[in-house]
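Given next are the chains, with one letter for each unit.
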Amino acid sequence: MRYGQIRKYDIANGPGIRTSFFLTGCDRNCKNCFNREYMDFNFGKIRDEEALREVLSYLKLDQIEGLTILGGEPLENPLGLLQALKDIRKEIDKSIWLYSGFKYEVLYNINIAREILKLVDVLVDGEFVEELKDLRLDFRGSSNQRIIDVKASLNKNKIILMNGYK
């Protein structure tokens, strides 16, 4: 699994001050993607122990509310993502947001993706759609994207949207 950057402080991709981990590789090719260079599966560095230590050191800071994982498309490397999440969850109990162009309903029906969902708190799902772009939306780029409370959705066996996001 490769990544393009680890952002220590991020206030754009989830509530509060978060650390963001930008994975690379994506086949979706959304029109006007904001991370076009991260579509390349060979871009960036290989996730290794040093990257894990860096992410964990940031997440241990009191001012960091949680981790956001985005890309690229994080679910296009599910084995690497699952292992990274397991490694992080061993040491950190802060919220984890995951952005994916895949819909929750699709991910839920794929065994490894469902295992990944069990390790995250919030999923922002759906491809970015240029024609539905809305700069007034919190934490997403287009109105088709949903902010899903994953824990509640898994528990109730139906999609539960996060409260408080217009």
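Quick note: structure is the one above.
Every value quoted in this text rests on a predicted model; they were computed, and no experiment measured them. (Residues numbered from 1 in each chain as written. Predicted model: local features only at pLDDT ≥ 70, side-chain atom pairs only at ≥ 80, totals over all residues. Heavy atoms only, no water.)

Enquirer: Before we go on, may I ask you to explain the sheet that holds strand E5 (residues 95–100) in this structure?
Expert: Across a sheet, strands are paired by hydrogen bonds formed along the backbone, either parallel or antiparallel in direction. On the basis of which strands lie adjacent, the open sheet formed by seven strands has the order E3-E1-E2-E4-E5-E6-E7 and mixed pairing. Of all strands in the sheet, those with a lone pairing partner are strand E3 (45–46) and strand E7 (146–149), marking the two edges. Along the sheet, helix H1 (residues 49–59) makes contact with strand E1 (2–10), strand E2 (18–23) and strand E4 (66–70), crossing E1 at roughly 15 degrees. Here helix H2 (residues 78–91) sits on the sheet in contact with E2, E4 and E5, set at roughly 165 degrees to E5. (Pairing = 2+ DSSP bridges. Helix = DSSP H or I, 4+ residues; strand = E, 2+ residues; numbered from the N terminus. Contact = heavy atoms within 4.5 Å. Axes fitted to C-alpha atoms, helices over the stretch in contact; angles between N-to-C directions.)

Enquirer: Where do I start with the side chain of Asp134 in this structure?
Expert: You can see Asp134 is positioned in the loop between strand E6 (122–125) and E7. One polar contact links the side chain of Asp134 to the main-chain amide nitrogen of Arg136, over a distance of 2.9 Å. (Polar contact = N/O pair within 3.5 Å; in protein donor to acceptor, adjacent residues only side chain to side chain.)

Enquirer: How should I be thinking about a nonpolar patch on the surface in this particular structure?
Expert: Among the surface-exposed residues, Tyr9, Ile11 and Ile17 lie close enough to one another that they form a single nonpolar patch of about 300 Å² accessible area. As for its placement among the helices and strands, Ile17 is situated in the loop between E1 and E2. (Patch = residues over 30% accessible without salt bridge, like charges linked within 9 Å, V, L, I, M, F, W, Y side chains within 5 Å. Areas by Shrake-Rupley, 256 points an atom, 1.4 Å probe, with all protein chains shown as cover. Salt bridge = Lys/Arg side-chain N within 4 Å of Asp/Glu carboxyl O.)

Enquirer: Can you help me understand the pattern of salt bridges in this one?
Expert: Side-chain pairing between opposite charges can occur once the charged atoms of the two side chains come close. Going through the model one piece at a time under the given rule, you end up with eleven salt bridges. Of the charged contacts in the structure, one is a salt bridge between Arg47 and Asp87, with a shortest N-O distance of 3.4 Å. With Arg47 in the loop between E3 and H1 and Asp87 in helix H2, the pair connects residues that are 40 residues apart, well separated along the chain. A single burial state applies to Arg47 and to Asp87, both of which are buried. Salt bridges here are not isolated pairs; linked through shared partners, they connect Arg28, Glu73 and Glu127. (Buried < 20%, exposed > 50% of the residue type's maximum accessible area, 1.4 Å probe, protein only.)

Scope: geometric values only; no functional claims are made or implied.
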